[in-house]
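The primary structure of each chain is shown beneath.
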Amino acid sequence: MTTKSVLVLKVGGALLQCEMGMARLMTAAAEMLAAGQQVILVHGGGCLVDEQLTANGKETIKLDGLRVTPADQIPIVVGALAGTSNKILQAAAAKAGIVSVGMSLGDGNTVSAKIKDERLGLVGEVEPKDATYLTFILSQGWLPICSSIAISSQGEMLNVNADQAATALAKLVNGTLVLLSDVSGVLDGKGQLIHSLNKSEIEHLVAQGVIEKGMKVKVEAALEVAQWMGKPVQVASWRDAEQLKTLVKGGSVGTQIQP
Ligand SMILES: Nc1ncnc2c1ncn2[C@@H]1O[C@H](COP(=O)(O)OP(=O)(O)O)[C@@H](O)[C@H]1O
Ligand SMILES: CC(=O)N[C@@H](CCC(=O)OP(=O)(O)O)C(=O)O
């Protein structure tokens, strides 16, 4: 185990629809915890939100990878992310023998949150604030499982992109950030894994339309943290058992986003 700093592991929502993926991830997390590696699990749940919105007759609009979240949709979004998604992961953790604490960005003064852009409605932008709550959970050997619902000082419930949520928590604890999605990393125009990317290469691929939508948000979040910490951030896959094994050993997987 070479990673001594807290590992901030973000998983995308598609994981929640894959029993085997969740079981493998939690087995990996249990191994890391047993070896003394502290882990914070941050999760998305975009596909669950899509399903719940459709079931409630609501329309989904995204701008540059972010969900436009009008006030009438926020109860559904909060229910899907801070409720169902969070508890599905806690249940998977329990099955792997992990003691977890389900939480949201809105808990324990962990981050400060404000509306990101009026055009997006109740979408939040968060900054790291106070690590006391998370540090306590980690000190117990427990696994914090954090959803990306934040609360502003005005008392608004805000929907935060989960990659950006993970960014704020990684900065807060000066941790090592790994973003796990349903693809093995950032892929080139031919679907091949790109092992390493720097700022100008990212800008080029975004301009070409090779990196788009959710991956654009992810890579930009990763670059921000890589530059802030002066060390690479990894974008990899929770689907890939080999990548998980390598991660448990503290190795590098997927695409390294360079500072
Ligand atoms: N260059 C790219 N490489 C890999 N995936 C890409 C790329 N450009 C766009 N994507 C899309 O981004 C998705 C990952 O982003 P997102 O759906 O937000 O993931 P998550 O829910 O895991 O955060 C991939 O499944 C893929 O459809
Ligand atoms: C503002 C915004 O876009 N919020 C996201 C939060 C969930 C998320 O990011 O889920 P994934 O990691 O599965 O994509 C959403 O509503 O879909």
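Owing to the predicted nature of the structure, the values given are computational and were not obtained by experimental measurement.

S.K.: Please clarify how the side chain of Lys216 should be interpreted in this entry.
M.R.: For Lys216, the position within the fold is in helix α7 (residues 213-229). Among the residues examined, Lys216 registers a relative accessible area of 16% and is labelled buried.

S.K.: For this particular structure, what's the right way to read the UniProt feature "domain: Aspartate/glutamate/uridylate kinase" (unreviewed entry) in the protein chain?
M.R.: With numbering aligned to this structure, UniProt lists the feature "domain: Aspartate/glutamate/uridylate kinase" (unreviewed entry) at residues 6-237. Along residues 6-237, the helical share is 40% and the strand share 23%, with 19 Å between the first and last C-alpha atoms.

S.K.: What am I meant to see in the side chain of Arg67 here?
M.R.: Among the structural elements, Arg67 can be located in strand β4 (residues 66-67). For Arg67, the side chain forms a polar contact with the side chain of Asp50, separated by 2.8 Å. Here Arg67 is in contact with Gly46, Val49, Asp50, Leu53, Thr60, Ile61, Lys62, Leu120, Val123 and Asn159, once residues within four sequence places are set aside.

S.K.: Got a minute to help me understand unusual backbone geometry in this structure?
M.R.: Outside of glycine, negative phi angles account for most residues, and trans bonds account for most peptide bonds. Backbone geometry places Asp64, a non-glycine residue, at a positive phi of 55 degrees. Mapped onto the fold, Asp64 is located in the loop between β3 (62-63) and β4. Its relative accessible area of 57% is what places Asp64 among the exposed residues. A positive phi angle is found at Lys213, which is not glycine, with a value near 50 degrees.

What counts, and at which threshold
Residues numbered from 1 in each chain as written. Chains lettered and ligands numbered in written order. Predicted model: local features only at pLDDT ≥ 70, side-chain atom pairs only at ≥ 80, totals over all residues. Heavy atoms only, no water. Helix = DSSP H or I, 4+ residues; strand = E, 2+ residues; numbered from the N terminus. Buried < 20%, exposed > 50% of the residue type's maximum accessible area, 1.4 Å probe, protein only. UniProt positions renumbered as here; feature names shortened; annotations may be inferred. Polar contact = N/O pair within 3.5 Å; in protein donor to acceptor, adjacent residues only side chain to side chain. Contact = heavy atoms within 4.5 Å.

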